[in-house]
Every structure is written in structure tokens, then in C-alpha cells.
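Structural characterization, general
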Amino acid sequence: MEVRPIHTLNARGNVLLEVTRDYFKISTAAMFREIQRLRQETEEALALKGIRYADLKTALVPDRQRKEMALVFDRNAIEKSWYGLEVFRRLIPLFDRNSNHSVLVGDYIGASDAQDILFNAMRESVILTRDVDFEYSHQFFVVYINNLTEAMMARFHQELASWQAYIGYADATYASHFKLLLSTMLANAFIKHRTAIIQGHEDDRPNTEDVNMCGYPFGDYGYTCRSIQAQLEGTMLSYKIERPVYPGFEIDTEFALNAINPNPQPLESFSIEVEEAKLGYLKSAKSGSLARAGLEQVSGGELAALIRSKISASYIYNISYDDAHDVSKFNVILELPGSNETATRLLAAMEYKPDSRSLRLITLY
């Protein structure tokens, strides 16, 4: 069977794959075929809407050169009960019509005994436009947008600044306690693909139909709503905010590997291969990236140890299989202390070798 590349697979916030596997007691080989079937169905469903799956890559995977931001709104300053509608009436016109983004939304929720933690995380990360009384965390509604330029971020912030309900934003490009908390709270609302808005709809509704499930007024601003069944959208078209792989959530990585290989193995036990010829190439061709991370003089063993320590610090994406060379591979973002105060993000492409329980570095930049 043809093994199709997958931008990202969501088994972290979507239980479809795990429940299917456990209920039907499906083997990893059969699960491999099932995930690839879902991948093919997703591509076919999108094609019915005139959308190419390949064109959604920038909205579905993290980009080390792009920014992410969390816009924060005070529900107490919005008179209407449907506060999300009021927020998006102001947000939708601010998007670049040619850009691609995943948009996640949700309330900043937490238990009563966690309010101090939530307050401190927000205080450390959110750049405020005005003073605000933090009465309880869920008074705040958060909209998270990926794949942004600096100019796009500035436009959102500047155009919203005069609205009383908008209290500020967090640059969520790099790891923070606030970003970690948001990764556990926010749900994917839609993908903005140029002038198309892509959402999920009910699984018993055919993919030939289109429904604006979230109800925001996209059509008023020249956007067309497209939708596919939620079982496809939830697993194949859901952006995951980067966070470490915590105990109990390893299943996400397992299914991502199972998507391209019938023999998924826990990466924690894998060794890291950095060939000397590869290291020499990186120091020559990728010297700028290594310099930003302070790795100009790194040895092969040191780089392998560094990758080993960071491999579980985020999720894996751009999962693919090269049939011509019999190579399974994926990408992962490595966030490192930079040569200045700002962290450095490097993209590592790794070959997955389950038979030898090793990961071979393909490139790093």
C-alpha cells in the first residue's frame, strides 16, 4: 500500500484512534493501515472542496521561523452572552486573506485551588493593554493563532487595542508555563486556508456538504466555509500546541509513528545516531543555525546527547515514509537556550529505525 505523508496526527486531544484500537483490540499492523485509510479519506474529502491536503502544511505544523500568539479577552467586558461571536467579529477582518493558520479557542479554565498558578502564568506571559481585575481565570477567553509574521502579530494587537474587552496578548512562540497551560485547555476551532474556513462537522453528515459549525460570520468578510467529518478533521487537521510529552500522553507519539510504520516503538529507549560526515556538513552548511544555538564547536556525541534530552520536549510531525530508500522519518522542533536572551528553535529531521531502536539525524537547521 502507498504510505502517504502526514503533516500532523492528533491522538493527544482526540481519543478516536486510542478508543478504536482498544475496543477492537487492533494490532499495530492493522492500526497502520487504518491511520493511512483516514489520511486518504481526509485528502479525498478536502478534494471535494477544491482544497489540497498538501497546501495545509503551514497551518498544521510548527515553523521555527514563524510566530504564535495568544490573544486574551475579558468576558466581563462583553455584554453579549455569546462572547466568542463578538470577538470574531473583530478578529476575522484582521487576517491576511492569503495566509494559512490554525485557530484554537477556549476559556482560561482551572480549579479554584489552581487560581494562583493560572494568575502567575498569565502575569508572566501576557503583555497587557490595560489594567484588569483577575477575579477568576475563566473570565478570560483566549484565541490562539499560529503561523504568524511579526507584522501579522502587530496588526492583531494594534487593531484590537482600543476595544475594552481585549486585554493583551502573549507571544507563544517559545515555551512558557502559560503556553503549556493553554495546550491543555484550547480546542481547534478552524483552519483558515486563504479565503476558505475549514471545520469539522457531524460524522453522519456526508463530506459533500458544508456547514459553519462554530457559527462565526465568516461570509460577511468574504470567506467560504468548508467542512469535513469530525473523525477526519479531529485526527488529521488539528494543530497541537507544542508541549513536552508527559507520562500518560505517550500514546500521541506512538500513533504518529504507527502512521508510517507498522512497528511503533517508544522513543525513550532509542539511541541517537549523528554521523561524523553529517556533523561536518551541518557545521559547514548550517553554521548560522548552529551558531545561534551556541553549537559551533559541538561534537557528534554532544549533539546526540542534546537531541536525546530534547526529543520528548515536543510532538513529532511531518511524518512520512520514503519507499525508494525504505526510510521512515519525522521532524521535531528542538528549543534551546540561544546565544542571546531569546531561545533558539532548531528543526531536526530524524530517520526512525525501529529494528535497531535508533534515530538517525538527517539534518538540523
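Cut-offs used in this document
- Residues numbered from 1 in each chain as written.
- Predicted model: local features only at pLDDT ≥ 70, side-chain atom pairs only at ≥ 80, totals over all residues.
- Heavy atoms only, no water.
- Salt bridge = Lys/Arg side-chain N within 4 Å of Asp/Glu carboxyl O.
- Helix = DSSP H or I, 4+ residues; strand = E, 2+ residues; numbered from the N terminus.
- Buried < 20%, exposed > 50% of the residue type's maximum accessible area, 1.4 Å probe, protein only.
- Axes fitted to C-alpha atoms, helices over the stretch in contact; angles between N-to-C directions.
- Parallel < 35°, antiparallel > 145°, perpendicular 65-115°, else oblique.
- Left-handed = near helix turned anticlockwise from the far one by under 90°.
- Contact = heavy atoms within 4.5 Å.
- Nonpolar A, V, L, I, M, F, W, Y, C, P; charged D, E, K, R; others polar.
- Pairing = 2+ DSSP bridges.

Some points on the pattern of salt bridges
Tallying each qualifying case throughout the model produces 26 salt bridges. Lys179 is the partner of Glu242 in a salt bridge, and the nearest nitrogen-oxygen pair spans 3.7 Å. With Glu242 in the loop between helix 8 (230-236) and helix 9 (251-258) and Lys179 in helix 7 (residues 177-185), the pair connects residues that are 63 residues apart, well separated along the chain. As far as the burial class goes, Glu242 and Lys179 line up, both buried. Glu351 is the partner of Arg360 in a salt bridge, and the nearest nitrogen-oxygen pair spans 2.7 Å. Here Arg360 matches Glu351 in class, with each residue buried. Several salt bridges converge on common partners, so that one network encompasses Glu2, Arg4, Arg39 and Glu43.

Quick look at the packing of helix 5 (residues 115-125) against helix 7
Packed helix pairs are specified by the crossing angle of their axes together with the interaxial distance, meaning the distance between the axes. Between helix 5 and helix 7, whose axes approach to 8 Å, the crossing angle comes to 120 degrees. Here helix 5 is positioned oblique relative to helix 7, judged by the angle of their axes. The crossing of helix 5 and helix 7 is left-handed. Contacts from Ile117, Leu118, Ala121, Met122 and Ser125 of helix 5 reach helix 7 at His177, Phe178, Leu181 and Met185. Of the residues belonging to the contact of helix 5 with helix 7, the class tally is seven nonpolar, two polar and no charged.

Quick word on the pairing of strand 13 (residues 358-364)
Most of strand 13 is tucked away: six of the seven residues are buried. In this structure, strand 9 (residues 271-273) lies alongside strand 13, joined through three bridges in parallel fashion. When the sheet's bridge partners are listed, Glu273 is paired in strand 13 with Arg360. Here strand 12 (residues 344-353) runs beside strand 13; their pairing, made up of six bridges, is antiparallel. Residue pairing for strand 13: Ala349 is matched across the bridge by Thr363. Counting the residues in the hairpin turn of strand 12 and strand 13 gives four residues, including Arg357, whose phi is positive at 50 degrees.

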